[in-house]
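A closer look at the structure
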Amino acid sequence: MVFLARSYQGRLFFNLPWSLKAIARTSTSVVASHKEVLPFSAIPGPKGTIRNLLDHRMSSGTFFEVLEKRFDKYGPIYSEKLLDTRIVSISDVDATTNVLRREKNFQMRPGFEPVAEMLQETGIGVGLASNDYEIWYPDRSLLSPKMLRPKDVSERYSLLNTIANEFTERAARCIGPDGVVDNIEEELDFWAVESFAAFLFNQRLGFYDDPPDPEAVVFVNSARIMLDMNGKMLHGAPFYKYFKTSAYSALKKSIIDVNASGLNILNRVLAKNQEKVKTVSGHKQSLFEFLSANDKSPERMASMLVGLMSAGIDSTSTTCLWLFYELAKNPEIQEKFFSELLSSIGPDGEVSASKIPSYPRAAVKESQRLYPVGGYVVPRVFHNDIDVLGYNIPAGVKIYSYEFLHSIDERYYGADAKQFVPERWMRDDAGKKREFNSFTMLPFGFGVRMCLGRRMAEALIYTVTSKLLLRYRLEYAGECELKRSLVGVFMSPDQPVLLKLIPREKKI
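Residues numbered from 1 in each chain as written. Predicted model: local features only at pLDDT ≥ 70, side-chain atom pairs only at ≥ 80, totals over all residues. Heavy atoms only, no water.

Brief notes about the confidence of the model for the protein
In the predicted model, the protein carries a mean pLDDT of 82, and 87% of its residues have values of at least 70. Residue range residues 1-34 is modelled with pLDDT below 50. Its contacts to residues more than four positions away, or to other chains, number 84 contacts. Low pLDDT, under 50, characterises residues 276-281; the predicted model gives this stretch nine contacts beyond four residues in sequence or across chains. (pLDDT = per-residue confidence, 0-100. Contact = heavy atoms within 4.5 Å.)

And the structure:
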């Protein structure tokens with residue numbers, strides 16, 4: 001994610017009237033809500049460019065700890081410059097609300113510019129990654145009804161249960177002499193891609209074959225590299241605008257590899273589409289078949305489906321990782337989660353949309369509040385100047401709002417805001433639920449471009465967590481608490497998550 005330039009196409013982009021550079025140069029309007037609006041130059045923040053770059057590199061602590069220190073120093077809004085790029089960061093909930101509510105049909109999301117450039121250069125097609133309304137909206141409007149309709153999602157639970165069972169069986173085979181699962185992070189990544197593929201194609205990808213399908217392994221590894229390099233470019237200085245950085249080259253190669261392996265997977269699905277092998281009984285139309293029925297070419301379908309899968313792997317697996325960690329640290333909460341599951345579906349039953357109890361739902365939501373994996377930052381760029389917290393923000397300036405600060409703010413969640421308390425989302429004895437500011441927690445984004453895979457991801461998370469807890473009790477084997485760290489583009493643990501799986505005795 002982040003800016004463009006360098007190539008002929010990049011220079012052409014910056015000369016187009018809708019480019020961020022052109023917007024910043026030509027905008028004259030100001031939308032203000034304060035009586036006195038201070039100029040952009042009055043916003044506090046670190047001065048200079050080289051100093052800022054060094055500060056990002058040399059500051060102690062995780063990415064999130066450094067951000068907290070900056071807000072402590074400068075207040076709820078600060079501005080900084082990285083080379084020729086201006087960024088405004090805000091940590092105020094009301095300001096975030098005002099920024100997001102200004103959006104109409106078109107939403108400018110900075111960060112995908114290098115990806116869009118590379119997709120265009122390689123002829124893959126930009127689609128949903130584009131900031132051009134005319135490009136992303138047709139794809140979005142086609143996919144939204146199919147992916148966000150609860151009925152379509154509920155039809156996939158049977159296959160998701162099968163894959164979740166296979167995940168728990170494989171995890172058991174990965175338990176070492178100390179009782180700890182070896183590389184649970186990798187196991188979750190492969191479970192996620194197998195589940196997404198099944199969800200989108202109604203067919204198995206083949207990771208749980210023996211040996212695993214090599215195309216699945218290539219796809220996951222390439223997607224990991226793509227997200228990692230994308231994160232480095234999003235949160236680093238835009239040196240790639242002036243020369244080819246190693247991150248830029250690695251990102252481009254990974255995009256090519258992801259789409260090549262994705263197209264191979266799609267062609268294999270096309271070839272087997274009429275076969276009965278590995279298909280779901282009681283045929284339901286998959287998203288792949290839906291796109292085929294809408295006359296989308298294999299290349300166009302690959303662009304959309306591969307994008308959905310690659311974007312969902314790390315975000316979904318990391319969400320599960322944090323949830324497992326909190327359940328393992330809090331045995332009383334884990335047992336309540338388990339008890340409700342046992343009462344609802346039994347020890348060997350299938351998870352379905354109608355059988356997920358309220359407490360497991362609350363636990364998942366609470367984990368997303370503490371660890372907004374992909375929604376820790378809400379980036380926006382506007383066509384017109386706007387007023388934020390009494391300062392004028394010129395059009396084209398990148399505005400970053402950090403949700404991870406809102407979601408643990410005691411002003412909104414009380415003295416236990418930094419603790420894992422699923423009960424905060426439950427009804428009390430009188431049947432009332434606590435009300436929270438919805439803009440303090442946006443795990444799937446906001447507006448017309450919020451996460452397309454939301455319902456799909458939730459189905460995966462509920463299913464695999466339920467299956468794991470029905471079979472095992474989780475214990476955390478690490479010596480210290482995990483910190484929220486930036487890995488690629490996601491909020492991830494700062495060290496490997498050491499989990500013990502202790503088999504449960506079946507209760508009849």
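Remarks on the packing of helix α10 (residues 184-201) against helix α11 (residues 214-235)
Where α10 meets α11, the closest approach of the two axes is 10 Å, and the angle between their N-to-C directions is 110 degrees. By the angle between their axes, α10 is roughly perpendicular relative to α11. As for the relative orientation of α10 and α11, their crossing is right-handed in sense. For the pair formed by α10 and α11, the contact residues are Glu 186, Asp 189, Phe 190 and Val 193 on the first element and Ala 216, Val 217, Phe 219, Val 220 and Arg 224 on the second. Residues that form the contact of α10 with α11 fall into these classes: six nonpolar, no polar and three charged. (Axes fitted to C-alpha atoms, helices over the stretch in contact; angles between N-to-C directions. Helix = DSSP H or I, 4+ residues; strand = E, 2+ residues; numbered from the N terminus. Parallel < 35°, antiparallel > 145°, perpendicular 65-115°, else oblique. Left-handed = near helix turned anticlockwise from the far one by under 90°. Nonpolar A, V, L, I, M, F, W, Y, C, P; charged D, E, K, R; others polar.)

Description of the sheet that holds strand β2 (residues 77-82)
Read from one edge of the open sheet, four strands run β2-β3-β7-β4, paired in mixed fashion. If you trace the sheet from one side to the other, it starts and ends with β2 and β4 (377-380), each paired once. Averaged over all adjacent pairs, the angle separating strand axes in this sheet is 25 degrees, with direction ignored. The pairing of β4 with strand β7 (residues 398-402) spans four bridges and is classified as antiparallel. The residue bridging Arg 380 from the neighbouring strand is Ile 399, located in β7. (Pairing = 2+ DSSP bridges.)

Here's the deal with the packing of aromatic side chains
In the structure shown here, the tally under the stated rule is 19 aromatic pairs. Where Tyr 402 meets Phe 404, the ring centres are 6.1 Å apart and the plane angle is 80 degrees; that geometry is what we call edge-to-face. Of the two residues examined, Tyr 402 and Phe 404, each falls in the buried class. The ring of Tyr 462 carries the charged tip of Arg 361 above its face, separated from the ring centre by 5.2 Å. (Phe/Tyr/Trp six-rings, centres within 6.5 Å; stacked < 30°, edge-to-face > 60°. Buried < 20%, exposed > 50% of the residue type's maximum accessible area, 1.4 Å probe, protein only. Lys NZ or Arg CZ within 6 Å of the ring centre and 35° of its normal.)

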